[in-house]
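# Reading the structure
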Amino acid sequence: MAEIRLVHPVRIARLAAPPDGFEELAADALAGGERMLEVLREDWNAGLVRFDAPGEALFAAYAGDALLGLCGLSRDPYLKAEAVGRVRRLYVRRAARRHGAGRALLAAVASGATAAGWPRLRVRAPVSAFAFYERCGFLRAVGESSATHVRVAVEAVRLTAAMPASP
């Protein structure tokens, strides 16, 4: 597998549907032993996940016209009583990793979560991605069901720190 040398900066686009190039990206994921894009396709086709509810979004990372990766944002379905975002199906083409596409996708998701009023983001990541999420500001989820990592929006941390202590 040849590594891609990016000659264009990474560009993030918000999508209404899986993009052109999705099949090739999904094949790359399967070749690497990852099924997340197959699950995304199945859920999309069944109408279960369309990223069209308030606050939800599907993002793609491109270099020029080349699709590098995808990531979705939804309300966390495991915490129905709380306003929490969920990172969904983040995948970056194996040959395009370590060029900023994954970090850019997560930044778009974090921005979308903040705009939706979701101060926390949760994700269930494979062990192989733990270090990546931690480099992107996520902390290991302790006592959190259905999540391996959590990220609290910087704005929420600042607001909490600025609040006076209760008497």
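The notes below deal with the structure included here. Along each chain, the written sequence defines residue order, and numbers are assigned to residues from 1. It should be noted that, the model being predicted, local features are given only for residues of pLDDT at least 70 and side-chain atom pairs only at 80 or more, the latter also being counted only at that level, while totals for whole chains, interfaces and linings use all residues. Only hydrogens and water are removed before side-chain values are computed, so all heavy atoms of the structure are retained for them.

### Quick look at the pairing of strand 4 (residues 84-92)
Only protein chains enter the accessibility calculation, which uses a 1.4 Å probe. A residue is then buried if its area is under 20% of the maximum for its type, exposed if over 50%, and partly exposed in between. The secondary structure listing takes helices from DSSP runs of H or I that are at least 4 residues long and strands from runs of E that are at least 2 residues long, numbered from the N terminus. Of all 9 residues in strand 4, 8 are buried; the element is thus mostly enclosed. Pairing between strand 3 (residues 66-75) and strand 4: 6 bridges, direction antiparallel. The residue bridging Leu73 from the neighbouring strand is Val87, located in strand 4. Pairing between strands is defined by DSSP: at least two bridges between the two strands are required. Alignment of strand 4 against strand 5 (residues 120-123), held across 3 bridges, turns out to be parallel. Each bridged residue has a counterpart across the sheet, and for Gly85 the counterpart in strand 5 is Leu121. A right-handed crossover is one whose linking path, passing over the helix from the first strand to the second, runs clockwise when the strands point away from the viewer. Regarding topology, helix 3 (residues 101-115) serves as the crossover connection from strand 4 to the parallel strand 5, and that connection is right-handed.

### Focus on the pairing of strand 3
A large share of strand 3 lies buried, amounting to 8 of its 10 residues. In this structure, the hairpin formed by strand 2 (residues 57-63) and strand 3 is closed by a connection of 2 residues, where Gly64 is found at a positive phi of approximately 65°.

### As for the side chain of Arg88
Among the structural elements, Arg88 can be located in strand 4. Just so you know, the count uses Lys and Arg for positive and Asp and Glu for negative, and it drops His and the chain ends. The salt bridge definition used is simple: a Lys or Arg side-chain nitrogen within 4 Å of an Asp or Glu carboxyl oxygen. Here Arg88 occupies a buried position and makes no salt bridge, while the nearest side chain of opposite charge, Asp43, is found at 5.0 Å. In what follows, residue pairs with any heavy atoms lying within 4.5 Å of each other are defined as contacts. Not counting residues up to four positions away in its chain, the partners in contact with Arg88 are Val49, Phe51, Cys71, Gly72, Ser74 and Pro77.

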